[in-house]
Amino acid sequence: MINLTDAEVLVEAVASGSLAAAARRLGIAPMVASRRLSALEAELGVRLVHRTTRALSLTTAGEAFLPHARTLLEGEAGARDAVRPEALGASGLLRVSASSAFARKVIAPLLPPFLAAHPALRVELVVTDLRLDLAADGVDLAIRVGKPLENSQMARRLGDSARQLFASPAYLAARGCPRALADLAGHDCLIQTSLPYWDFLIDGRVLHHRMEGRLTANSIDAVQAACIAGAGIACMAAWNAAQEVAAGVLVPVELADAVVEPWGIWAITPSPRLIPPKVRLFIAALQERL
């Protein structure tokens, strides 16, 4: 049988980059960590990692086994949480993935009170604008902002993400404020590379309006920075611009004949059936903040 403490060494070693770091995180001696990894390899009959004095890398067999090791550990953690008194809160490691903007503006401020409420829980925030394979990457929960997802069984809508046009006061003073959708053609619009269309609601219908601009970027953070600097008009989530609007460095731009279509904020889990208590508690905390 596979020893879960041995599997835990592999998972922690991959996450931290070395056996020494894994030993520190687990509170054991480096020699003990090495022995446990060797015992796991002996049990499976394959080499899982290439080891050096400074780092390690997974073998082909290790890459194939890693998601199963994570599943084993999650199953144990879920079993413990299932019988753990609710008053004690969640425990273990919670890995949450989110885009850079949402992680910085929404999730990071939520973490201190959430961790204070659950002292036996650790959180690893995986910040990426890529869509991960949750099971393969060992992610418990992904928060995504966008249109309805193709696999609705794995997704739960937490709420709306209102979107709006924004510009700096200096840009509007120099170029004027557009009053209608057609006016945007005469302005510098800042385009996120992956989103060349801005979606507007006009009399209940959605218009996919292809935007043209002199400045494009593959990061919404870069688009926002350019917008603040006066480079043009940007389309952003209201939560992403709230602090800048409050500080007076961005101004909402309202059109008389169209509004930007809102998106959804989605919680994605590897399985629609088995959702650990730590994931449910985090979703509840995030939904309350939203």
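Above: the structure in question.
Quick summary incoming for the structure in this document.

### Things to note about the pattern of salt bridges
With the rule as written, the count across this model stands at seven salt bridges. The shortest N-O distance in the salt bridge between Lys105 and Glu244 comes to 3.4 Å. In this pair, Lys105 is assigned in helix 5 (residues 100–117) and Glu244 in helix 9 (residues 238–247), connecting sequence segments 139 residues apart.

### Quick word on the sheet that holds strand 4 (residues 121–127)
With mixed pairing, the five strands of this open sheet are ordered in space as 4-3-5-15-6. Looking at strand neighbours, the two that pair on one side only are strand 4 and strand 6 (155–161), the edges of this open sheet. Mean inter-strand twist for the sheet, computed between neighbouring axes without regard to direction, equals 20°. As judged from the seven bridges shared by strand 3 (residues 92–98) and strand 4, these two strands associate in the parallel manner. Each bridged residue has a counterpart across the sheet, and for Ala98 the counterpart in strand 4 is Val127.

### Re the sheet that holds strand 12 (residues 233–237)
Read from one edge of the open sheet, five strands run 11-8-12-7-13, paired in mixed fashion. Edge positions in the sheet fall to strand 11 (215–217) and strand 13 (251–253), since each has one partner strand and no second. Ignoring which end each strand starts from, the neighbouring axes of this sheet average 40° apart. Of the strand pairs in this sheet, strand 7 (residues 163–167) and strand 12 are connected by four bridges, and their pairing is antiparallel. Following the sheet pairing, Arg163 is matched in strand 12 by Ala237. The sheet strands contacting helix 8 (residues 220–228) are strand 7, strand 8 (189–192), strand 11 and strand 12, and the helix crosses strand 8 at an angle near 170°. Running over the sheet, helix 9 touches strand 7, strand 12 and strand 13 and is turned about 115° from strand 12.

### Topic: helix 1 (residues 4–16)
Taking 1.5 Å per residue, 13 residues should reach 18 Å; helix 1 reaches 18 Å between its end C-alpha atoms and fits that length. Along helix 1, the residues classified as buried are Asp6, Ala7, Val9, Leu10, Val11, Glu12 and Ala13. Of the residues one or two after helix 1, Gly17 is the one with positive phi, at around 100°.

### Looking at the packing of aromatic side chains
Tallied over the entire structure, the rule returns two aromatic pairs. Where Phe102 meets Trp239, the ring centres are 5.0 Å apart and the plane angle is 90°; that geometry is what we call edge-to-face. Taken together, the residues span a long stretch of sequence, with Phe102 in helix 5 and Trp239 in helix 9 at a distance of 137 residues. Residue class for Phe102 comes out buried when judged on its relative accessible area of 0%. Given a relative accessible area of 21%, Trp239 falls into the partly exposed group. Relative to Phe282, the ring of Phe114 lies with its centre 5.2 Å away and its plane at 85°, an arrangement referred to as edge-to-face.

Parameters and conventions
Each chain has its residues counted from 1, following the order in which its sequence is written. Only residues with pLDDT of at least 70 get local features here, since the model is predicted, and only at 80 or more are side-chain atom pairs given and counted; chain-wide, interface and lining totals rely on the full set of residues. Side-chain figures throughout are based on the complete set of non-hydrogen atoms in the structure, without hydrogens or water. Any Lys or Arg side-chain nitrogen located within 4 Å of an Asp or Glu carboxyl oxygen qualifies as a salt bridge. The way it works is that DSSP assigns letters per residue, a run of H or I at least four long becomes a helix, a run of E at least two long becomes a strand, and they are numbered from the N terminus. Note: two strands are recorded as paired if DSSP finds a minimum of 2 bridges between them. Every angle, taken between N-to-C directions, lies between 0 and 180 degrees, and every axis is a line fitted to C-alpha atoms, over only the stretch in contact when it is a helix. Note on contacts: a residue pair is in contact if any heavy atoms of the two residues lie within 4.5 Å. Each residue after the first adds 1.5 Å to the expected span of a helix. Burial classification: accessible surface area is computed with a 1.4 Å probe over protein chains only, and a residue below 20% of its type maximum counts as buried, one above 50% as exposed, and the rest as partly exposed. Only the six-membered ring of Trp is used, alongside the rings of Phe and Tyr, when aromatic pairs are assigned; centres must lie within 6.5 Å, and planes under 30 degrees apart are stacked while those over 60 apart are edge-to-face, with the rest tilted.

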